[in-house]
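Below, each chain spelled out in residue letters.
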Amino acid sequence: ESPRATAERQLMAARLKRCVVRRRDGPEQHGVAASCLRELRDKACGVLAIDKAREPITLVLAEDGTIVDDEDYFLCLPSNTKFVALAKDEKWSSKSLDSGTSWLSESVDEVDSGAEKWKRLARQLKDDLSNIILMSEEDLQVLIDVPRSDLAEELAQSETKIQVLQDTLQQVLDRREEERQSRQLLELYLEALKNEDSILSKVAEPQAAPRKEMDVVDTGTSSTDTSATTALSNQVLAALKEKPAPELCLDSQDLELVLKEDAAALASALGWDKQKAGALQEACDQELSKRLRQVQTLHSLRSTSKGKQTLPWGDWPSAKRRK
């Protein structure tokens, strides 16, 4: 085999993503490698023997039924992600699981014990370090708090490299906090300008007769009207209502769920007006796009770094500060 052919074969292998596919009710799992969503669909139809009359199929994440139809999102998923292939008119449902499909019952909304949660997060990093970018602030803090020796054993790395990893996690957490504080300062500044303009306009007005009490305007967003049904968990809704710049503390999967919500339903669930809910969704969209761009940049750097399959652990910079 010529050097050129060898290089092309290695490049093709580097572009392939390992995936696991199965039918909704079938017991068999099949491992396939694909470079894009279209290739994964084609291979899934082949290995699962899906009839042509029942195509096109829909690919959903096995853990929660999220439909995967965006190429960029597919590229950001870790290796060995599990998919369920749904033929035409089929729907994903966790209620149809049996003992042979118990691996589908894992849900991101389930409450993990402390040990199970950090190990699950560690496995995500072991598959792809760029998953750091997609994690929530809570997940980052969980990994930071894990004893260095335990994390080193789980990831099969030296404690020195684990220290570098935890410093990097702290840096990401610090940057999100700094961004949140900057946004709060900007909002306070804009609010102060608005109040100053209001005061100046009132001073400039001629003396007027005593005003009648203003009628209460019904905005249609009563605090008691928060019974709208959404796909968001109570924990996510609480973060959206209570956290400043909530898009910074959520993981990317929760951000995507917020974006999929109808603006009116989201506004009703949060007790906000539709304009405020729309602004929140726009902020979530910008944050998710930024994270995906960062992941894509890392993947591009990886694919051009002399055929390396994983990000070099030692290349992550040490944090300058720790909380």
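Here the residue index of a chain counts from 1 through its sequence in written order. Note on the predicted model: pLDDT of at least 70 is required for a residue's local features to be given, and 80 or more for side-chain atom pairs to be given and counted; whole-chain, interface and lining totals, by contrast, use all residues. Excluding hydrogens and water, the side-chain figures rest on all heavy atoms present in the structure.

**Student:** Quick question: what am I supposed to make of the overall build of the chain here?
**Tutor:** Summing up its helical and strand segments, the chain has 11 helices and four strands in all. Partly exposed describes any residue whose relative accessible area lies between the buried limit of under 20% and the exposed limit of over 50%, with all areas from a 1.4 Å probe on protein chains only and scaled to the type maximum. When the 323 residues of the chain are sorted by exposure, 37% land in the buried category. The contact criterion used throughout is that any non-hydrogen atoms of two residues lie within 4.5 Å. Counting contacts in the chain only where the partners sit at least 6 residues apart, residues at least 24 apart contribute 65% of the total. Throughout, the Shrake-Rupley method with a 1.4 Å probe supplies accessible areas, and for residues the shown protein chains are the sole cover considered. Taken as a whole, the chain presents about 19,800 Å² of accessible surface, with 51% of it coming from carbon and sulfur. Where helices and strands are cited, they refer to DSSP runs of H or I of at least four residues and of E of at least two residues respectively, numbered from the N terminus.

**Student:** Explain the packing of aromatic side chains here, please?
**Tutor:** Aromatic ring pairs are defined here through the distance separating the ring centres and the angle between the ring planes. Any Phe, Tyr or Trp ring, taking Trp's six-membered ring, that has another such ring centre within 6.5 Å forms a pair; planes under 30 degrees apart are called stacked, those over 60 apart edge-to-face, and the others tilted. Summed over all chains, the structure comprises one aromatic pair. Relative to Phe 83, the ring of Phe 74 has its centre 6.4 Å away and its plane inclined at 45°; by these criteria the two rings are tilted. Take Phe 74 and Phe 83: they sit in the same class, and that class is buried. Both a distance and an angle decide whether a charge sits over a ring: NZ of Lys or CZ of Arg must be within 6 Å of the ring centre and within 35 degrees of the ring normal. Directly above the ring of Phe 74 sits Lys 17, whose terminal nitrogen or CZ lies 5.7 Å from the centroid.

**Student:** So what exactly am I meant to see when it comes to the nonpolar core here?
**Tutor:** By size, the foremost hydrophobic cluster in this structure holds 24 residues, and its most contacted members are Leu 232, Leu 240, Leu 250, Val 258, Leu 266, Leu 270 and Leu 280. Broken down by secondary-structure element, the contributors of at least two residues to this core are α8 (234-242), α9 (252-260), α10 (263-270) and α11 (274-303). The dominant element in this core, judged by the number of residues it contributes, is α11, at seven residues. Grouped together as the second largest cluster of nonpolar side chains are 20 residues, Ala 34, Leu 59, Leu 77 and Ala 87 included. Residues belong to a common nonpolar core when they are buried Ala, Val, Leu, Ile, Met, Phe, Trp, Tyr or Cys residues joined through side-chain atoms within 4.5 Å.

**Student:** Explanation requested: unusual backbone geometry in the structure shown.
**Tutor:** Note: most residues except glycine have negative phi, and most peptide bonds are trans. Cis peptide bonds are those with omega within 30 degrees of zero, and the linkage from Glu 55 to Pro 56 qualifies with 5°. Looking at the secondary structure, you find Pro 56 in the loop between α2 (37-47) and β3 (58-61). Unusually for a residue other than glycine, Asn 80 sits at a positive phi of about 65°. Along the chain, Asn 80 falls in the loop between α3 (71-76) and β4 (81-86).

**Student:** Which parts of the structure should I look at to understand a negative patch on the surface?
**Tutor:** Patches here are clusters of residues that have more than 30% relative accessible area and form no salt bridge, with a 9 Å joining cutoff for like charges and a 5 Å cutoff for nonpolar side chains (Val, Leu, Ile, Met, Phe, Trp, Tyr). When a carboxyl oxygen of Asp or Glu is within 4 Å of a side-chain nitrogen of Lys or Arg, the pair counts as a salt bridge. Only four residue types enter the tally: Lys and Arg on the positive side, Asp and Glu on the negative side, with His and both chain ends excluded. To locate a charge, the coordinates of NZ of Lys, CZ of Arg, CG of Asp or CD of Glu are taken. Among the surface-exposed residues, Asp 69, Asp 70, Glu 71 and Asp 72 lie close enough to one another that they form a single negatively charged patch. Counting through the fold element by element, Glu 71 comes out in helix α3. Exposure remark for Glu 71: the relative accessible area of 31% places this residue in the partly exposed category.

**Student:** Would you mind going over the sheet that holds β3 with me for this structure?
**Tutor:** Sheet strands associate in pairs through backbone hydrogen bonding, adopting either a parallel or an antiparallel arrangement. Paired strands, in this sense, are two strands between which DSSP finds at least two bridges. With mixed pairing, the four strands of this open sheet are ordered in space as β2-β1-β4-β3. Because the sheet does not close on itself, it has two edges, and the strands there are β2 (30-34) and β3. Recorded for the sheet is a direction-independent mean angle of 40° between the axes of neighbouring strands. Of the strands in this sheet, β1 (17-23), β2, β3 and β4 touch α2, which is tilted by about 150° from β2. For every element, the axis is a line fit to its C-alpha atoms; helices are fit only across the contacting stretch, and the angle between N-to-C directions ranges from 0 to 180 degrees.

**Student:** Even after reading the chapter, I still don't get the pattern of salt bridges, so can you show me in this structure?
**Tutor:** One side chain can pair with another of opposite charge once the charged atoms of both are near each other. Evaluation of the coordinates by the stated rule reveals 12 salt bridges. Among the ionic pairs, Glu 137 bridges to Arg 180, the shortest N-O distance being 2.9 Å. One end of the pair, Glu 137, is in helix α5 (residues 137-145); the other, Arg 180, is in helix α7 (residues 159-204), and 43 residues separate them in sequence. Just as Glu 137 is buried, Arg 180 falls in that class too. Close ionic contact of Lys 290 with Glu 179 constitutes a salt bridge, the shortest N to O distance being 3.2 Å. Of this pair, Lys 290 sits in helix α11 while Glu 179 sits in helix α7, and the two are 111 residues apart along the sequence. In this structure Lys 290 comes out as partly exposed when scored by relative accessible area, which is 25%. Classification of Glu 179 by relative accessible area gives partly exposed; the value is 24%. Among the charged side chains, a salt-bridge network with shared partners connects Glu 179, Glu 287, Lys 290 and Arg 291.

**Student:** How should a nonpolar patch on the surface be read in this particular structure?
**Tutor:** Among the surface-exposed residues, Leu 186, Tyr 189, Leu 190 and Leu 193 lie close enough to one another that they form a single nonpolar patch of about 390 Å² accessible area. Mapped onto the elements, Leu 193 comes out in helix α7.

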